[in-house]
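The primary structure of each chain is shown beneath.
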Amino acid sequence: AQSVAQPEDQVNVAEGNPLTVKCTYSVSGNPYLFWYVQYPNRGLQFLLKYITGDNLVKGSYGFEAEFNKSQTSFHLKKPSALVSDSALYFCAVRPLITGGGNKLTFGTGTQLKVEL
Amino acid sequence: GAVVSQHPSWVICKSGTSVKIECRSLDFQATTMFWYRQFPKQSLMLMATSNEGSKATYEQGVEKDKFLINHASLTLSTLTVTSAHPEDSSFYICSAHRGEGQPQHFGDGTRLSIL
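Just so we're clear, the structure is a prediction, and the values are computed from it rather than from any experiment.

Caption draft 1: Representation of the environment of B:Glu22. Residues and elements named next belong to chain B. Inspection of the secondary structure puts Glu22 in strand 3 (residues 19–25). Note: C-alpha distance between Glu22 and Thr80 (58 residues apart in sequence) is 8.7 Å. Once you skip the residues sitting within four places of it in the chain, Glu22 turns out to touch Ser5, Gln6, His7, Trp35, Leu76, Ser77 and Thr78. Only 3.4 Å separates the side chain of Glu22 from the side chain of Arg24, close enough to count as a polar contact.

Rendered as structure tokens:
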């Protein structure tokens, strides 16, 4: 069975500083990996995905994530945080197998707080 | 592109009533739709997977007679919470998936409050 760990419930960072939101995963075979962001009382917005190819994936709003197979990690990063980035971030995984049903397994979420 | 519309966004109703939530993919055909439940400050819990024209697949512990799912077309799925009770109060979110390697696209959720 697949699983996702987001070890930090909350990350605080000053505006303009780089941010990292951590994610590690466990899955049989190769993974599809995703990051989503959720603002209060809203659904999830897709930020970026990794399937194959370049380990560094660039996504929406200046976010990027690096796939590290040996460490089974997919940390989300942004070089310069904005107050408007404050939200709840979810990492998700599904195995790269046909007939896998496309079901995602989500992490528990990390609340990002960017302060002036 | 890839817009998913979910209605209503907020429902308050009395205990015992049934509530229907709609999920539509507006600009693409969804091979699969998913229904999730989210409790405050928690992650999403998958309730069921819905494919057009076939019965939904429910996750373990989710009552299929309580949470009726109909997937009438490639752009519409509905979740009906039957005879709702206060413990059914939650944030329900749908998503639509349009193919292999593509991300799920989420609706904005429905806040259900049962009095």
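Resuming the write-up.
Caption draft 2: Summary view of the pairing of strand 7 (residues 67–73) of chain B. Residue and element names in this part refer to chain B. Bridge analysis of strand 7 against strand 8 (residues 76–81) gives 5 bridges, and the strand direction is antiparallel. Residue pairing in the sheet places Leu68 in a bridge with Thr80 of strand 8. What sits between strand 7 and strand 8 in their antiparallel hairpin is a turn of 2 residues.

Caption draft 3: Representation of the sheet that holds strand 1 (residues 4–7) of chain B. Residues and elements named next belong to chain B. An order of 1-3-8-7 is seen for the 4 strands of this open sheet, with the pairing classed as antiparallel. The sheet is open, and its two edges are formed by strand 1 and strand 7, each paired on a single side. Sheet twist, expressed as the average angle between the axes of neighbouring strands with direction ignored, equals 15°. With 4 bridges joining them, strand 1 and strand 3 adopt antiparallel strand pairing. In the sheet register, Val4 faces strand 3, and the bridge partner there is Ser25.

Caption draft 4: Geometry of the interface of chain A and chain B. At the junction of the two partners, chain A supplies 22 residues and chain B supplies 23 residues. Of the roughly 1700 Å² buried between chain A and chain B, counting both surfaces, carbon and sulfur atoms make up 50%. At the surface where chain A touches chain B, the tally comes to 2 salt bridges. Here B:Asp108 makes a salt bridge to A:Arg42, at a shortest N to O gap of 3.1 Å.

Caption draft 5: A look at the layout of surface pockets. A volume near 520 Å³ is recorded for the largest pocket. Around the largest pocket sit 19 residues that line it, and A:Leu88, A:Gln111, B:Pro40, B:Lys41 and B:Gln42 are the ones nearest its centre. Taken together, the residues of the lining of the largest pocket break down into 7 nonpolar, 9 polar and 3 charged. If you add up the space inside the second largest pocket, you get close to 350 Å³. What lines the second largest pocket is a set of 21 residues, among which B:Met45, B:Leu46, B:Met47, B:Glu59 and B:Gln60 lie closest to the centre. Tallying contributions element by element places strand 5 (residues 44–51) of chain B first for the lining of the second largest pocket, with 4 residues. Per-class residue counts for the lining of the second largest pocket are 9 nonpolar, 5 polar and 7 charged.

Caption draft 6: The nonpolar core, seen in detail. A:Trp35, A:Leu47, A:Leu48, A:Phe74, A:Leu76 and A:Tyr89 are the most contacted members of the largest nonpolar core, which totals 27 residues. Of all elements in the fold, only strand 2 (10–14), strand 3 (19–21), strand 5 (31–38), strand 6 (44–50), strand 8 (64–68), strand 9 (73–78), strand 10 (87–95) and strand 12 (110–115) of chain A reach the threshold of two or more residues within this core. By residue number, the principal contributor to this core is strand 10 of chain A, which donates 4 residues. Setting aside residues no more than four positions away along its own chain, A:Phe74 makes contact with A:Cys23, A:Leu33, A:Phe34, A:Trp35, A:Leu48, A:Lys49, A:Tyr50, A:Ala65, A:Glu66 and A:Phe67. Membership of the second largest hydrophobic core comes to 25 residues, among which are B:Ala2, B:Val4, B:Ala48 and B:Ala56.

Caption draft 7: Region of the structure containing the pattern of salt bridges. Tallied over the full model, the rule gives 7 salt bridges over all chains. Here A:Lys103 and B:Glu59 are joined by a salt bridge, their closest N and O atoms 3.0 Å apart. Linking A:Lys103 in the loop between strand 10 and strand 11 (105–106) with B:Glu59 in the loop between strand 6 (57–58) and strand 7, this pair reaches from one chain into another. Residue classification places B:Glu59 among the partly exposed residues on the basis of a relative accessible area of 21%.

Caption draft 8: Focus on the side chain of A:Glu64. All names here are of chain A. Mapped onto the elements, Glu64 comes out in strand 8. At 2.9 Å, the side chain of Glu64 and the side chain of Lys58 are in polar contact. With sequence-adjacent residues up to four places away left out, Glu64 is seen in contact with Leu48, Leu56, Val57, Lys58, Gly59, His75, Leu76 and Lys77.

Conventions used here
- Residues numbered from 1 in each chain as written.
- Chains lettered and ligands numbered in written order.
- Predicted model: local features only at pLDDT ≥ 70, side-chain atom pairs only at ≥ 80, totals over all residues.
- Heavy atoms only, no water.
- Helix = DSSP H or I, 4+ residues; strand = E, 2+ residues; numbered from the N terminus.
- Contact = heavy atoms within 4.5 Å.
- Polar contact = N/O pair within 3.5 Å; in protein donor to acceptor, adjacent residues only side chain to side chain.
- Pairing = 2+ DSSP bridges.
- Axes fitted to C-alpha atoms, helices over the stretch in contact; angles between N-to-C directions.
- Buried area = accessible area lost by both parts, 1.4 Å probe.
- Salt bridge = Lys/Arg side-chain N within 4 Å of Asp/Glu carboxyl O.
- 1 Å grid on protein atoms, 1.4 Å probe; cavity = no way out; pocket = protein on both sides within 12 Å on 5 of 7 lines; lining within 4 Å.
- Points joined across faces, edges and corners; volume = space filled by probe spheres on them.
- Nonpolar A, V, L, I, M, F, W, Y, C, P; charged D, E, K, R; others polar.
- Core = buried A, V, L, I, M, F, W, Y, C linked by side-chain atoms within 4.5 Å.
- Buried < 20%, exposed > 50% of the residue type's maximum accessible area, 1.4 Å probe, protein only.

What is shown is where atoms sit, not what they do.
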